[in-house]
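# Breakdown of the fold
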Amino acid sequence: MTETTKWQDQKTPALAIVARGDQIKTIIPNNKYTVQSQSNPENYYAIHHYEDNKWVCSCMHHQATKRDCIHILSVKFQQSLKETKNNILETNLKCEKCNSTNIVKNGKRKNKSGVINRYLCKDCGFRFTDNDGFKKRRSDPEKIALALDLYFRGLSVRKVSEHFQQVYNLNVSHMTVYRWIVDYSRLASEWMDKQDIHTSERWHIYETILKVDGKARYLWNVLDSESRFLLATHVSANRNMKNTRKPIKKAKRVTKDRPQEVFTDGMLSYPKAIVKELGKRGVKGNWGFWSPHVRVPSIRAKESNNRIERFHGTEKERTKVMRGFDNDKGCANLMEGFRVHYNLVKNHQALGCTPSEATGKLGIDGFRWYNILKMAMIK
(Lines give C-alpha, C1' and ligand atoms only; values in the text may rest on other atoms or scores of the structure.)
Protein backbone atom coordinates (compact mmCIF):
# COMPACT_ATOMS: atom_id res chain seq x y z
CA MET A 1 0.00 0.00 0.00
CA THR A 2 1.43 3.38 -1.01
CA GLU A 3 1.53 6.39 1.24
CA THR A 4 -1.08 8.12 -0.95
CA THR A 5 -3.46 5.19 -0.55
CA LYS A 6 -2.95 5.15 3.20
CA TRP A 7 -3.72 8.87 3.29
CA GLN A 8 -7.01 8.36 1.43
CA ASP A 9 -8.05 5.49 3.70
CA GLN A 10 -7.51 7.46 6.94
CA LYS A 11 -7.88 11.00 5.67
CA THR A 12 -11.22 11.91 7.27
CA PRO A 13 -10.40 11.03 10.92
CA ALA A 14 -6.96 12.68 10.60
CA LEU A 15 -8.57 15.87 9.25
CA ALA A 16 -11.13 15.77 12.05
CA ILE A 17 -8.30 15.77 14.62
CA VAL A 18 -6.79 18.87 12.98
CA ALA A 19 -10.16 20.62 12.77
CA ARG A 20 -10.76 20.30 16.53
CA GLY A 21 -7.78 22.62 17.01
CA ASP A 22 -6.68 21.50 20.49
CA GLN A 23 -5.79 17.84 19.87
CA ILE A 24 -2.20 18.36 18.65
CA LYS A 25 0.52 19.87 20.83
CA THR A 26 3.95 20.89 19.54
CA ILE A 27 6.66 19.93 22.03
CA ILE A 28 9.68 20.58 19.78
CA PRO A 29 8.94 22.26 16.39
CA ASN A 30 9.45 19.88 13.44
CA ASN A 31 10.54 17.14 15.81
CA LYS A 32 8.20 16.14 18.65
CA TYR A 33 4.43 16.33 19.07
CA THR A 34 1.65 14.80 21.14
CA VAL A 35 -1.81 13.90 19.82
CA GLN A 36 -4.80 13.24 22.06
CA SER A 37 -6.34 9.78 21.88
CA GLN A 38 -9.76 9.84 20.19
CA SER A 39 -11.08 6.86 22.15
CA ASN A 40 -9.60 7.84 25.54
CA PRO A 41 -9.17 11.63 25.87
CA GLU A 42 -7.00 11.22 28.95
CA ASN A 43 -4.25 9.58 26.90
CA TYR A 44 -1.78 11.27 24.56
CA TYR A 45 0.41 9.63 21.92
CA ALA A 46 3.98 10.81 21.34
CA ILE A 47 4.92 11.58 17.72
CA HIS A 48 8.59 11.88 16.67
CA HIS A 49 9.82 13.18 13.32
CA TYR A 50 13.45 12.29 12.49
CA GLU A 51 15.87 13.86 10.00
CA ASP A 52 15.48 11.03 7.47
CA ASN A 53 11.74 11.90 7.27
CA LYS A 54 10.89 8.93 9.46
CA TRP A 55 7.78 9.26 11.61
CA VAL A 56 7.16 7.24 14.78
CA CYS A 57 4.04 7.13 16.95
CA SER A 58 3.60 5.45 20.31
CA CYS A 59 0.11 4.11 19.47
CA MET A 60 -0.45 0.35 19.14
CA HIS A 61 -1.44 0.53 15.46
CA HIS A 62 1.83 2.15 14.41
CA GLN A 63 3.92 -0.08 16.67
CA ALA A 64 2.32 -3.18 15.10
CA THR A 65 2.27 -2.11 11.44
CA LYS A 66 5.04 0.54 11.22
CA ARG A 67 2.69 2.47 8.93
CA ASP A 68 1.43 6.02 9.25
CA CYS A 69 -1.49 6.10 11.70
CA ILE A 70 -4.16 8.80 11.96
CA HIS A 71 -2.05 10.57 14.61
CA ILE A 72 0.98 10.89 12.30
CA LEU A 73 -1.28 11.87 9.38
CA SER A 74 -2.96 14.57 11.47
CA VAL A 75 0.43 16.14 12.33
CA LYS A 76 1.50 15.96 8.67
CA PHE A 77 -1.72 17.61 7.57
CA GLN A 78 -1.41 20.35 10.19
CA GLN A 79 2.13 21.05 8.95
CA SER A 80 0.93 21.21 5.35
CA LEU A 81 -1.70 23.78 6.32
CA LYS A 82 0.95 25.94 7.99
CA GLU A 83 3.20 25.67 4.92
CA THR A 84 0.21 26.53 2.73
CA LYS A 85 -0.43 29.65 4.78
CA ASN A 86 3.22 30.72 4.54
CA ASN A 87 3.28 30.16 0.76
CA ILE A 88 0.43 32.54 -0.05
CA LEU A 89 1.49 34.80 -2.92
CA GLU A 90 0.57 38.46 -3.08
CA THR A 91 0.67 38.64 -6.87
CA ASN A 92 -1.40 40.89 -9.16
CA LEU A 93 -1.93 43.52 -6.44
CA LYS A 94 -2.69 46.92 -7.92
CA CYS A 95 -3.60 50.30 -6.49
CA GLU A 96 -7.39 50.66 -6.49
CA LYS A 97 -7.08 54.33 -7.49
CA CYS A 98 -4.37 54.52 -10.18
CA ASN A 99 -3.73 50.80 -10.99
CA SER A 100 -0.04 51.17 -10.17
CA THR A 101 1.87 48.06 -9.06
CA ASN A 102 4.39 50.20 -7.14
CA ILE A 103 2.91 49.34 -3.73
CA VAL A 104 4.27 48.38 -0.32
CA LYS A 105 2.79 46.95 2.87
CA ASN A 106 1.52 49.64 5.21
CA GLY A 107 0.44 47.95 8.43
CA LYS A 108 -2.67 45.95 9.18
CA ARG A 109 -6.30 46.58 9.98
CA LYS A 110 -8.30 44.57 12.47
CA ASN A 111 -12.02 43.93 12.13
CA LYS A 112 -14.53 41.32 13.28
CA SER A 113 -13.16 38.72 10.86
CA GLY A 114 -9.53 39.08 11.90
CA VAL A 115 -6.48 40.97 10.63
CA ILE A 116 -6.34 42.29 7.04
CA ASN A 117 -3.19 43.63 5.35
CA ARG A 118 -3.06 47.29 4.34
CA TYR A 119 -1.02 48.70 1.43
CA LEU A 120 0.33 52.07 0.31
CA CYS A 121 0.66 53.15 -3.32
CA LYS A 122 4.01 54.93 -3.65
CA ASP A 123 2.87 56.68 -6.84
CA CYS A 124 -0.35 58.36 -5.69
CA GLY A 125 -0.22 57.86 -1.91
CA PHE A 126 -3.54 55.98 -1.76
CA ARG A 127 -3.95 53.45 1.09
CA PHE A 128 -6.11 50.35 0.63
CA THR A 129 -6.68 46.81 1.88
CA ASP A 130 -6.09 43.63 -0.11
CA ASN A 131 -9.58 42.47 -1.06
CA ASP A 132 -8.46 40.60 -4.21
CA GLY A 133 -12.01 40.53 -5.54
CA PHE A 134 -13.42 39.21 -2.26
CA LYS A 135 -15.19 42.44 -1.37
CA LYS A 136 -18.37 42.30 0.73
CA ARG A 137 -17.06 39.14 2.40
CA ARG A 138 -16.49 39.53 6.13
CA SER A 139 -13.43 37.29 6.13
CA ASP A 140 -10.18 37.76 4.29
CA PRO A 141 -9.41 35.88 1.05
CA GLU A 142 -7.01 33.45 2.73
CA LYS A 143 -9.70 32.04 4.99
CA ILE A 144 -12.23 31.72 2.16
CA ALA A 145 -9.69 29.78 0.10
CA LEU A 146 -8.77 27.69 3.14
CA ALA A 147 -12.46 26.85 3.66
CA LEU A 148 -12.66 25.45 0.12
CA ASP A 149 -9.39 23.58 0.54
CA LEU A 150 -10.47 21.94 3.81
CA TYR A 151 -13.94 21.10 2.50
CA PHE A 152 -12.76 19.39 -0.66
CA ARG A 153 -10.08 17.52 1.28
CA GLY A 154 -12.81 15.86 3.31
CA LEU A 155 -14.11 18.06 6.15
CA SER A 156 -17.80 18.93 6.50
CA VAL A 157 -18.89 22.58 6.57
CA ARG A 158 -19.46 22.27 10.33
CA LYS A 159 -15.93 20.93 10.83
CA VAL A 160 -14.54 23.82 8.76
CA SER A 161 -16.51 26.28 10.91
CA GLU A 162 -15.14 24.62 14.04
CA HIS A 163 -11.61 24.79 12.63
CA PHE A 164 -11.86 28.58 12.21
CA GLN A 165 -13.13 28.93 15.77
CA GLN A 166 -10.36 26.77 17.27
CA VAL A 167 -7.41 27.96 15.18
CA TYR A 168 -8.27 31.58 14.29
CA ASN A 169 -10.76 32.42 17.06
CA LEU A 170 -13.07 33.44 14.22
CA ASN A 171 -16.83 32.86 14.46
CA VAL A 172 -18.00 31.77 11.02
CA SER A 173 -21.26 29.84 10.83
CA HIS A 174 -21.44 26.61 8.85
CA MET A 175 -23.98 28.27 6.51
CA THR A 176 -21.50 31.06 5.76
CA VAL A 177 -18.88 28.43 4.95
CA TYR A 178 -21.42 26.67 2.71
CA ARG A 179 -22.16 29.92 0.82
CA TRP A 180 -18.44 30.56 0.33
CA ILE A 181 -17.97 27.08 -1.12
CA VAL A 182 -20.98 27.29 -3.45
CA ASP A 183 -20.22 30.81 -4.75
CA TYR A 184 -16.48 30.41 -5.26
CA SER A 185 -16.76 26.87 -6.65
CA ARG A 186 -18.90 28.23 -9.46
CA LEU A 187 -16.54 31.16 -10.04
CA ALA A 188 -13.43 28.94 -10.12
CA SER A 189 -14.98 26.39 -12.49
CA GLU A 190 -16.10 29.12 -14.91
CA TRP A 191 -12.54 30.47 -14.99
CA MET A 192 -11.02 27.00 -15.42
CA ASP A 193 -13.29 26.22 -18.37
CA LYS A 194 -11.97 29.25 -20.28
CA GLN A 195 -8.35 28.02 -20.28
CA ASP A 196 -8.58 25.96 -23.53
CA ILE A 197 -7.45 22.58 -22.20
CA HIS A 198 -5.86 20.11 -24.63
CA THR A 199 -7.10 16.52 -24.47
CA SER A 200 -6.21 13.13 -25.92
CA GLU A 201 -8.11 11.15 -28.55
CA ARG A 202 -9.98 9.10 -25.96
CA TRP A 203 -12.68 10.22 -23.54
CA HIS A 204 -14.61 8.28 -20.90
CA ILE A 205 -18.22 9.00 -19.89
CA TYR A 206 -19.98 7.48 -16.93
CA GLU A 207 -22.96 8.23 -14.70
CA THR A 208 -23.54 7.37 -11.06
CA ILE A 209 -26.26 8.02 -8.48
CA LEU A 210 -26.16 10.37 -5.50
CA LYS A 211 -28.76 11.72 -3.08
CA VAL A 212 -30.04 15.31 -3.27
CA ASP A 213 -32.51 16.24 -0.53
CA GLY A 214 -33.24 12.53 -0.13
CA LYS A 215 -33.98 12.01 -3.83
CA ALA A 216 -31.90 10.05 -6.31
CA ARG A 217 -30.05 12.12 -8.90
CA TYR A 218 -27.69 11.14 -11.71
CA LEU A 219 -24.17 12.56 -11.71
CA TRP A 220 -22.52 12.46 -15.14
CA ASN A 221 -18.76 12.83 -15.69
CA VAL A 222 -16.62 13.21 -18.81
CA LEU A 223 -12.94 12.32 -18.28
CA ASP A 224 -9.95 12.63 -20.61
CA SER A 225 -8.10 9.30 -20.75
CA GLU A 226 -4.44 10.39 -20.77
CA SER A 227 -4.43 13.45 -18.51
CA ARG A 228 -7.37 12.29 -16.31
CA PHE A 229 -8.67 15.84 -16.63
CA LEU A 230 -12.35 15.97 -15.64
CA LEU A 231 -13.87 17.89 -18.53
CA ALA A 232 -17.47 18.13 -17.34
CA THR A 233 -19.97 17.18 -14.66
CA HIS A 234 -23.75 17.30 -14.86
CA VAL A 235 -26.51 16.58 -12.33
CA SER A 236 -29.92 15.44 -13.58
CA ALA A 237 -33.14 13.84 -12.38
CA ASN A 238 -33.28 11.32 -15.25
CA ARG A 239 -31.24 9.81 -18.09
CA ASN A 240 -33.21 10.97 -21.12
CA MET A 241 -31.55 12.02 -24.38
CA LYS A 242 -31.30 15.70 -23.39
CA ASN A 243 -29.44 14.89 -20.18
CA THR A 244 -27.23 12.31 -21.92
CA ARG A 245 -26.09 15.00 -24.36
CA LYS A 246 -25.64 17.73 -21.73
CA PRO A 247 -22.26 16.61 -20.21
CA ILE A 248 -20.83 16.07 -23.72
CA LYS A 249 -21.97 19.55 -24.70
CA LYS A 250 -20.28 20.98 -21.60
CA ALA A 251 -17.05 19.10 -22.39
CA LYS A 252 -17.01 20.60 -25.89
CA ARG A 253 -16.94 24.11 -24.40
CA VAL A 254 -13.87 23.28 -22.29
CA THR A 255 -11.66 22.08 -25.16
CA LYS A 256 -11.41 22.53 -28.92
CA ASP A 257 -10.11 18.97 -29.26
CA ARG A 258 -12.48 16.19 -30.28
CA PRO A 259 -11.97 12.52 -29.38
CA GLN A 260 -11.63 9.63 -31.80
CA GLU A 261 -13.08 7.23 -29.24
CA VAL A 262 -15.61 7.74 -26.45
CA PHE A 263 -15.93 4.85 -23.97
CA THR A 264 -19.22 4.34 -22.11
CA ASP A 265 -21.22 1.60 -20.45
CA GLY A 266 -24.14 -0.09 -22.21
CA MET A 267 -26.82 2.58 -21.73
CA LEU A 268 -28.83 2.73 -24.97
CA SER A 269 -28.95 6.51 -25.31
CA TYR A 270 -25.15 6.95 -25.48
CA PRO A 271 -24.54 6.02 -29.18
CA LYS A 272 -27.09 8.50 -30.52
CA ALA A 273 -26.10 11.27 -28.08
CA ILE A 274 -22.39 10.96 -28.95
CA VAL A 275 -23.02 11.07 -32.70
CA LYS A 276 -25.31 14.09 -32.34
CA GLU A 277 -22.74 16.02 -30.26
CA LEU A 278 -19.44 14.82 -31.73
CA GLY A 279 -20.43 13.65 -35.21
CA LYS A 280 -18.88 10.71 -37.03
CA ARG A 281 -15.25 10.02 -37.94
CA GLY A 282 -13.58 8.85 -41.13
CA VAL A 283 -13.07 9.91 -44.76
CA LYS A 284 -15.86 9.54 -47.30
CA GLY A 285 -15.02 7.17 -50.10
CA ASN A 286 -12.29 5.36 -48.19
CA TRP A 287 -13.47 3.36 -45.17
CA GLY A 288 -16.64 5.38 -44.74
CA PHE A 289 -17.76 7.08 -41.55
CA TRP A 290 -17.96 5.51 -38.11
CA SER A 291 -19.16 6.59 -34.69
CA PRO A 292 -16.53 7.41 -32.05
CA HIS A 293 -18.71 5.60 -29.48
CA VAL A 294 -17.20 2.46 -27.94
CA ARG A 295 -19.40 0.36 -25.67
CA VAL A 296 -17.53 -1.35 -22.84
CA PRO A 297 -19.21 -4.72 -22.16
CA SER A 298 -17.61 -5.13 -18.71
CA ILE A 299 -14.82 -3.79 -16.51
CA ARG A 300 -12.72 -6.84 -17.42
CA ALA A 301 -12.91 -6.10 -21.14
CA LYS A 302 -9.66 -5.34 -22.98
CA GLU A 303 -10.85 -1.81 -23.83
CA SER A 304 -12.17 -1.00 -20.40
CA ASN A 305 -13.80 2.07 -18.88
CA ASN A 306 -11.99 1.41 -15.58
CA ARG A 307 -10.18 4.76 -15.52
CA ILE A 308 -13.40 6.61 -14.91
CA GLU A 309 -14.55 3.79 -12.62
CA ARG A 310 -11.46 4.47 -10.49
CA PHE A 311 -12.22 8.20 -10.64
CA HIS A 312 -15.69 7.51 -9.28
CA GLY A 313 -14.04 5.74 -6.37
CA THR A 314 -12.20 8.99 -5.57
CA GLU A 315 -15.39 10.99 -6.05
CA LYS A 316 -17.41 8.68 -3.80
CA GLU A 317 -14.83 9.14 -1.02
CA ARG A 318 -15.82 12.80 -0.96
CA THR A 319 -19.58 12.63 -1.60
CA LYS A 320 -20.25 9.88 0.95
CA VAL A 321 -19.26 12.19 3.84
CA MET A 322 -21.31 15.14 2.53
CA ARG A 323 -24.48 13.57 4.04
CA GLY A 324 -26.48 14.43 0.93
CA PHE A 325 -27.11 17.76 -0.77
CA ASP A 326 -29.86 20.29 -0.07
CA ASN A 327 -30.92 21.12 -3.63
CA ASP A 328 -30.01 20.47 -7.26
CA LYS A 329 -28.39 23.87 -7.87
CA GLY A 330 -26.22 23.69 -4.75
CA CYS A 331 -25.24 20.13 -5.60
CA ALA A 332 -24.22 21.15 -9.13
CA ASN A 333 -22.06 24.01 -7.80
CA LEU A 334 -20.39 21.80 -5.18
CA MET A 335 -19.57 19.18 -7.82
CA GLU A 336 -18.06 21.94 -9.96
CA GLY A 337 -15.88 22.85 -6.99
CA PHE A 338 -14.86 19.22 -6.64
CA ARG A 339 -13.94 19.27 -10.36
CA VAL A 340 -11.66 22.27 -9.77
CA HIS A 341 -10.07 20.57 -6.75
CA TYR A 342 -9.56 17.31 -8.66
CA ASN A 343 -8.13 19.01 -11.77
CA LEU A 344 -6.03 21.85 -10.33
CA VAL A 345 -5.32 21.20 -6.64
CA LYS A 346 -5.00 17.49 -5.84
CA ASN A 347 -2.00 15.56 -7.19
CA HIS A 348 -3.09 12.43 -9.04
CA GLN A 349 -1.53 9.26 -7.63
CA ALA A 350 -0.74 7.65 -11.01
CA LEU A 351 0.38 10.89 -12.73
CA GLY A 352 2.49 12.34 -9.91
CA CYS A 353 1.04 15.78 -10.70
CA THR A 354 -2.36 17.40 -11.12
CA PRO A 355 -4.45 16.50 -14.21
CA SER A 356 -4.19 20.13 -15.36
CA GLU A 357 -0.38 19.88 -15.34
CA ALA A 358 -0.67 16.63 -17.32
CA THR A 359 -2.48 18.54 -20.09
CA GLY A 360 0.47 20.94 -20.33
CA LYS A 361 -1.48 23.86 -18.82
CA LEU A 362 -2.32 25.44 -15.47
CA GLY A 363 0.56 24.44 -13.24
CA ILE A 364 -0.36 26.26 -10.02
CA ASP A 365 2.11 26.56 -7.12
CA GLY A 366 1.82 27.66 -3.49
CA PHE A 367 -1.63 27.76 -1.90
CA ARG A 368 -3.43 26.50 -4.98
CA TRP A 369 -7.04 27.36 -4.05
CA TYR A 370 -6.01 30.89 -3.09
CA ASN A 371 -4.14 31.50 -6.33
CA ILE A 372 -6.97 29.96 -8.40
CA LEU A 373 -9.46 32.37 -6.86
CA LYS A 374 -7.15 35.34 -7.36
CA MET A 375 -6.75 34.52 -11.05
CA ALA A 376 -10.50 33.92 -11.41
CA MET A 377 -11.13 37.42 -9.99
CA ILE A 378 -9.02 39.20 -12.60
CA LYS A 379 -11.30 40.86 -15.10
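For the structure itself, look to the data block above.
Treat the numbers as computed from the prediction; the structure is a model and nothing was measured. Numbering of residues starts from 1 in every chain and runs along the sequence as written. Reporting in this predicted model follows two pLDDT cut-offs: at least 70 for local features of residues, and 80 or more for side-chain atom pairs to be given and counted; totals over whole chains, interfaces and linings ignore these cut-offs and use all residues. Hydrogens and water molecules were not included; the side-chain quantities draw on all heavy atoms of the structure.

Bringing the sheet that holds strand S8 (residues 202-212) into the picture now. Overall, mixed pairing links the 5 strands, which are arranged S10-S9-S8-S11-S14 in an open sheet. The strands lining the two open edges of the sheet, one partner per strand, are strand S10 (230-236) and strand S14 (293-295). With direction set aside, neighbouring strand axes in the sheet form an average angle of 25 degrees. Those strands touched by helix H7 (residues 241-254) are S8, strand S9 (215-224) and S10, and its axis lies near 150 degrees from that of S10. If DSSP finds at least two bridges between two strands, the strands pair. Under the scheme used here, helices are H or I runs from DSSP no shorter than 4 residues and strands are E runs no shorter than 2 residues, and both carry numbers assigned from the N terminus. Under this scheme, a helix contributes an axis fitted over its contacting stretch, all axes are lines through C-alpha atoms, and angles between N-to-C directions fall in the 0 to 180 degree range. Contact criterion: two residues are considered in contact whenever any of their non-hydrogen atoms come within 4.5 Å of each other.

Salt bridges are counted wherever a side-chain nitrogen of Lys or Arg sits within 4 Å of a carboxyl oxygen of Asp or Glu. Using the criterion set out here, one finds 11 salt bridges in the structure. For Asp 149, the salt bridge is made with Arg 153, and the minimal N-O distance between the two is 2.9 Å. Of this pair, Asp 149 and Arg 153 are both found in helix H4 (residues 141-153), 4 residues apart, which corresponds to roughly one turn of the helix. On the accessibility criterion, Asp 149 (3% relative accessible area) is buried. Residue burial is assigned from relative accessible area. The probe radius is 1.4 Å, only protein chains are included, and a residue is buried under 20% of its type maximum, exposed over 50%, and partly exposed in between.

Once that is clear, we can look at the side chain of Ser 269. Looking at the secondary structure, you find Ser 269 in the loop between strand S11 (261-264) and helix H8 (270-278). In this structure Ser 269 touches Arg 239, Met 241 and Thr 244, once residues within four positions along its chain are discounted.

A separate point is the sheet that holds strand S3 (residues 44-49). Taken together, 4 strands build an open sheet; the order of strands is S1-S2-S3-S4 and the sheet is antiparallel. Unpaired on one side and paired on the other, strand S1 (24-28) and strand S4 (55-57) mark the two borders of the sheet. Within this sheet the neighbouring strands show an average axis-to-axis angle of 20 degrees, counted without direction. Relative to S4, S3 runs antiparallel, the two sharing 3 bridges. Residue pairing in the sheet places His 48 in a bridge with Val 56 of S4.

A word on the state of the cysteines. Note on disulfides: each one is a pair of cysteine sulfur atoms within 2.5 Å. Applying the stated criterion across every chain, the model contains 0 disulfides. With no disulfide of its own, Cys 57 lies 3.6 Å from the sulfur of Cys 59, the closest cysteine sulfur. Residue classification places Cys 57 among the buried positions, given a relative accessible area of 1%.

Looking now at the pairing of S9. The buried fraction of S9 amounts to 7 of the 10 residues, a majority that puts the element mostly inside the structure. Connecting S8 to the next strand, S9, in antiparallel fashion are 2 residues, including Asp 213 with a positive phi near 55 degrees. Both S9 and S10 contribute to a ladder of 6 bridges, which runs antiparallel. In the sheet register, Asn 221 faces S10, and the bridge partner there is Thr 233. The antiparallel pairing of S9 with S10 creates a hairpin that spans 5 residues between the two strands, and Arg 228 there sits at a positive phi of about 60 degrees.

Classification of ring pairs uses Phe, Tyr and Trp, with its six-membered ring standing for Trp, and accepts pairs whose centres are within 6.5 Å; under 30 degrees between planes counts as stacked, over 60 as edge-to-face, and the remaining range as tilted. In this structure the tally under the stated criterion is 7 aromatic pairs. Measuring from centroid to centroid gives 6.5 Å for Tyr 33 and Trp 55, while their planes differ by 25 degrees, and the two rings are stacked. One end of the pair, Tyr 33, is in strand S2 (residues 32-36); the other, Trp 55, is in strand S4, and 22 residues separate them in sequence. Classification of Tyr 33 by relative accessible area gives buried; the value is 3%. For Trp 55, a relative accessible area of 8% gives the class buried.

The next point concerns the nonpolar core. To form a nonpolar core, buried Ala, Val, Leu, Ile, Met, Phe, Trp, Tyr and Cys residues must be joined to one another through side-chain atoms within 4.5 Å. Judged by nonpolar contacts, the single largest core of 78 residues is most densely connected at Ile 47, Phe 164, Ile 181, Leu 344, Trp 369 and Ile 372. A per-element tally of this core places helix H6 (residues 174-192) first, with 9 residues. Contacts of Phe 164, omitting those with residues within four sequence positions, involve Lys 143, Leu 146, Ala 147, Asn 169, Leu 170, Val 172 and Trp 180. In this structure, Ile 103, Tyr 119, Cys 121 and Phe 128 belong to the second largest nonpolar core, which totals 5 residues.

Contact geometry for helix H10 (residues 328-345) and helix H12 (residues 368-377): axes closest at 11 Å, N-to-C directions at 110 degrees. Classed by the angle they form, the pair H10 and H12 counts as roughly perpendicular. Of the two possible hands of crossing, H10 and H12 adopt the one that is right-handed. Residues Gly 337, Val 340, His 341, Leu 344 and Val 345 of H10 touch H12, and the partners they reach there are Arg 368, Trp 369 and Ile 372. The residue makeup of the contact of H10 with H12, split by class, is 5 nonpolar, 2 polar and 1 charged. Note on angle classes: values under 35 degrees are labelled roughly parallel, values over 145 roughly antiparallel, values of 65 to 115 roughly perpendicular, and the remainder oblique. Here a crossing is taken to be left-handed if its near helix is turned anticlockwise relative to the far helix by less than a right angle, and right-handed if that turn runs clockwise. Only Asp, Glu, Lys and Arg are considered charged, only Ala, Val, Leu, Ile, Met, Phe, Trp, Tyr, Cys and Pro nonpolar, and every remaining residue, Gly among them, polar.

Here we take up the side chain of Ser 74. The topology assignment puts Ser 74 in helix H3 (residues 70-86). With residues near it in sequence (within four places) discarded, Ser 74 still touches Ala 14, Ile 17, Val 18, Ile 24 and Val 35.

With that settled, consider the packing of H4 against H6. Interhelical geometry of H4 versus H6 gives an angle of 90 degrees and a closest axis separation of 9 Å. Classified by the interaxial angle, the pair formed by H4 and H6 is roughly perpendicular. Contact with H4, carried on its side by Lys 143, Ile 144, Ala 147, Leu 148, Tyr 151 and Phe 152, involves Val 177, Trp 180, Ile 181, Tyr 184 and Ser 185 of H6 and no other residues of that element.

By themselves, these figures tell us nothing about what the structure is for.
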